[in-house]
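Tertiary structure, described
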Amino acid sequence: MIKIKQKSDKPLEHKTECLILPCPEEKKPSGMVQDLDAALNGAITRAFENKYFTGKSNQTLLLNSTGCLKADNLLLVGVGKAKEVTVEKICQASGTAAKLAEKSNFKSVTVFLNECCFDQISKGKGGLYGELAGAVAEGTGLALYHFDAYKSTDEKEDPPSRVGQLTLIPALKTRQATVEKSISRAEKIISAVHSARDLISHPGNTATPTFLAEHAKKLARKNKITCKVLGKKEMEKLGMGALLGVSRGSHEPPALIVLEYYGTSKKKAPTVIVGKGVTFDTGGISLKPPASMDEMKMDMSGAATTLATLQAVSSLKLPVNVIGIVPAAENMPGGSAIKPGDILKSMSGKTIEVLNTDAEGRLVLADALTYAQRYEPKEVIDLATLTGAVLMALGHQAAAVIGNNANMIARLKKAGDATGERVWELPLWEEFETAVKSDIADLKNIAAPGVGAGTITGAAFLKPFAGDQPWAHIDIAGTAWGEEKPYTTKGASGYGVRLLVHYLEHR
Ligand code: BES
Ligand code: ZN
Ligand code: ZN
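Residues numbered from 1 in each chain as written. Chains lettered and ligands numbered in written order. Predicted model: local features only at pLDDT ≥ 70, side-chain atom pairs only at ≥ 80, totals over all residues. Heavy atoms only, no water.

A word on the coordination of the zinc ion (ligand 3). With distances of 2.0 to 2.4 Å, the protein atoms coordinating the zinc ion (ligand 3) are K276 (NZ), D281 (OD), D299 (OD) and E360 (OE). Metal-centred angles of 78 to 174° between the six donor atoms at the zinc ion (ligand 3) mark the site as octahedral. Between the donor residues of the zinc ion (ligand 3), the gaps in sequence give the motif K-x4-D-x17-D-x60-E. Taken as an interatomic distance, the gap from the zinc ion (ligand 3) to the zinc ion (ligand 2) is 3.2 Å; D281 donates to each of them. Here K276, found in the loop between β9 (271–275) and β10 (277–281), pairs with E360, found in the loop between β13 (351–353) and α12 (361–372); they are 84 residues apart in sequence, far enough to count as distant. (Donors = N, O, S within 2.8 Å, 3.2 Å for Na, K, Ca; no water. Tetrahedral: all angles 85-135°; square planar, octahedral: opposite > 155°, others 65-115°. Helix = DSSP H or I, 4+ residues; strand = E, 2+ residues; numbered from the N terminus.)

Moving on to the site of ligand 1. Lining the immediate surroundings of ligand 1 are 16 residues, of which K288, D299, D358, E360 and G388 lie closest. At 2.8 Å from an oxygen atom of ligand 1 is found a side-chain nitrogen or oxygen belonging to K288. Within the side chain of E360, an N or O atom sits 2.8 Å from an oxygen atom of ligand 1. When ligand 1 sits alone it has 520 Å² of accessible area, and the protein chains cover 77% of it. Applying the majority rule of atoms within 2 Å of the grid points places ligand 1 in the largest pocket. A per-class count over the shell around ligand 1 returns five nonpolar, four polar and seven charged. (Near = heavy atom within 4 Å. Polar contact = N/O pair within 3.5 Å; in protein donor to acceptor, adjacent residues only side chain to side chain. Areas by Shrake-Rupley, 256 points an atom, 1.4 Å probe, with all protein chains shown as cover. 1 Å grid on protein atoms, 1.4 Å probe; cavity = no way out; pocket = protein on both sides within 12 Å on 5 of 7 lines; lining within 4 Å. Sits in = over half its atoms within 2 Å of the grid points. Nonpolar A, V, L, I, M, F, W, Y, C, P; charged D, E, K, R; others polar.)

Let's shift gears to the sheet that holds strand β17 (residues 443–444). In a beta sheet, neighbouring strands pair by backbone hydrogen bonds and run either parallel or antiparallel. Taken in spatial order, the three strands of this open sheet run β12-β13-β17, and their pairing is mixed. Across the chains shown, the open sheet's two edge strands, defined by having one partner strand only, are β12 (343–345) and β17. Alignment of β12 against β13, held across three bridges, turns out to be antiparallel. If you follow K345 over to β13, its bridge partner there is T351. (Pairing = 2+ DSSP bridges.)

Moving on: the environment of S94. With respect to the helices, strands and loops of the structure, S94 is situated in helix α3 (residues 87–103). Accessibility expressed as a relative area gives 8% for S94, which makes it buried. Between the C-alpha atom of S94 and that of T140, which follows or precedes it by 46 residues, the distance is 5.3 Å. Look past the residues within four positions of S94 in its chain and what remains in contact with it is A135, V136, G139 and T140. A distance of 2.7 Å separates a polar side-chain atom of S94 from the backbone oxygen of I90. (Buried < 20%, exposed > 50% of the residue type's maximum accessible area, 1.4 Å probe, protein only. Contact = heavy atoms within 4.5 Å.)

Before going further, it helps to examine the domain arrangement of the protein. Parsing the protein into structural domains produces domain 1 (3–174) and domain 2 (194–505). The centre of domain 1, based on its C-alpha atoms, is set 37 Å off from the matching centre of domain 2. The junction of domain 1 with domain 2 conceals about 1400 Å² of combined surface from both sides, 56% of it contributed by carbon and sulfur atoms. When residues of domain 1 are sorted by the area they lose upon contact with domain 2, K99, L142 and Y145 head the list and together hold 44% of the total. Summed over the shared surface of domain 1 and domain 2, the number is two salt bridges. The partner of E484 in a salt bridge is K99, with the nearest N and O atoms 3.0 Å apart. (Domains from an automatic or database assignment. Buried area = accessible area lost by both parts, 1.4 Å probe. Salt bridge = Lys/Arg side-chain N within 4 Å of Asp/Glu carboxyl O.)

Before going further, it helps to examine unusual backbone geometry. With a phi close to 65°, S292 is a non-glycine residue in the positive phi region. By secondary structure assignment, the location of S292 is in the loop between β10 and α11 (301–315). The residue E376 is not glycine, and still its phi comes out positive at about 40°. Here E376 lies in the loop between α12 and β14 (379–384).

Bringing empty space enclosed by the protein into the picture now. Following the criterion strictly, the structure yields one cavity of 30 Å³ or more and no others. Of the voids in this model, the largest cavity is the one considered here, and its volume is about 30 Å³. G245, V246, G249, G284, I285, N331, M332, A337, I338 and T357 are the residues that line the largest cavity. Looking at the lining of the largest cavity, its residues break down into five nonpolar, five polar and no charged. (Points joined across faces, edges and corners; volume = space filled by probe spheres on them.)

Quick look at the nonpolar core now. Membership of the largest hydrophobic core comes to 93 residues, with the highest contact counts inside it found for I90, L168, L412 and I474. When residues in this core are grouped by element, the largest group, 10 residues, is from helix α7 (residues 176–201). Discounting chain neighbours no more than four positions away, the residues touching L168 are I4, K5, Q6, K7, V111, L113, A133, V136, V179 and I183. (Core = buried A, V, L, I, M, F, W, Y, C linked by side-chain atoms within 4.5 Å.)

Surrounding the zinc ion (ligand 2) are the protein donor atoms D281 (OD), D358 (O), D358 (OD) and E360 (OE), at 2.0 to 2.2 Å. Taken together, the six donor atoms coordinating the zinc ion (ligand 2) and their angles of 70 to 167° define a geometry best described as irregular. By relative accessible area, which is 22% here, D358 ends up partly exposed.

This part takes up a positive patch on the surface. A cluster of like positive charges, contributed by K27, K51, K56 and K81, occupies part of the molecular surface. With respect to the secondary-structure elements, K81 resides in the loop between β4 (73–78) and α3. K81 gets classed as partly exposed once you look at its relative accessible area, which sits at 44%. (Patch = residues over 30% accessible without salt bridge, like charges linked within 9 Å, V, L, I, M, F, W, Y side chains within 5 Å. Lys, Arg positive; Asp, Glu negative; His and termini not counted. Charge placed at Lys NZ, Arg CZ, Asp CG, Glu CD.)

Looking now at the environment of K15. Tracing the chain through its elements places K15 in the loop between β1 (3–6) and β2 (18–23). We classify K15 as exposed; its relative accessible area is 66%. Counting along the chain gives 43 residues from K15 to N58, while the straight-line C-alpha distance between them is 25 Å.

Structure representation (structure tokens):
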């Protein structure tokens, strides 16, 4: 992970391989850009005149300083119109700049925390300065994620160039304490998101339920968290027929991982986070087609987010109580696997007719949600790569959120907009709850084909297990994995950690 520090240098006198300057969209350079432009004999003005650079979001201009600055190179990155700048745009611009710097083989970079690019700060909202610094640090650190645990010889002998150091220059000396706090928070967030991405990136033959449990135990040892792992025997005693049913086709034993973090009085009801931990989803007897099946190693993204959120919350010492619950299992076909038509008895006592063994996420979640009731939670949030349908509805741009409490959903939306990890609400109308009632058991795990709304019927199935307290289900099948974005790399995004940390910080 990148090292981050601050230095109170003047940008013109700062020695670095690459000085990055976030710039607002404007007609010609102003503020600090003007000073740098003068030192560069008008090179930036000419770029503006020729429209090589205007400051549009994520636009970049890399200039060699040809000895005119102490910095070897100057990298301008656009953040869009100063009036419309948000923390998310700063985060994106920082990620874009960091990736270009790495491609350019720079080993260290400096970012000048240019408050001119943030109209609201210039207008006196100084409190936002910490967020500016935090966004630059997070955007940079998150963009420079690499997963090379399985790269051998070639790349180890001739390793790719990496940016290992980020220096932040505050605009004013009086901002130093704020920047220090932001750096410390950003480092913890980056580390947590990276650990979620690592877990998701590991293939199914490494990241088994047992591996997730070992990871959780290590995490608990390092932080002020307690960890409990229930195995098959304990699940049998508790009557977790749904979770056990999913794991039956696999040789990998299932695990129910429970992490408890108490940041305030134990008497205060906790927030419980439940994360789907299907370490590989073949579909089971309702086997998936081979194309892209390899990607189903990411079907434990909800689990990874849950574990990483507990890591972040405990390292940040947030004054909240949070319980993380991960039902982990591998979904395989096999001689003892569950079959379409089988009926399972869940821990809640409700019976479930399994009409499609590929709708296994809701089965493992059913028992985990029932287990969550032991904590008499204030609220329950579950995260799951539950349906391909959410990709049809929202693509990779937002997760679907469905729940039973408007206020909770509004607060999740707010956290999503602030962090760029957006959620979008879908309606849980009664008709969808009816659609998952079975003729011969209490529930069936898929609705009839004509019903449609696959993401909503998934949530409708979960509702009877979720309890009466506020509950929100977040379907992350579209957001947990995808193509490269300004501050994520191709593959695992680590979506949800920053969303939930922000949500819990603003309880
Ligand atoms: N793990 C999948 C959902 C998924 C799809 C995650 C694409 C990530 C990307 C889930 O277990 C599943 O297979 N869902 C089925 C449900 C259907 C059988 C009702 C689906 O979406 O097709
Ligand atoms: Zn499935
Ligand atoms: Zn699945």
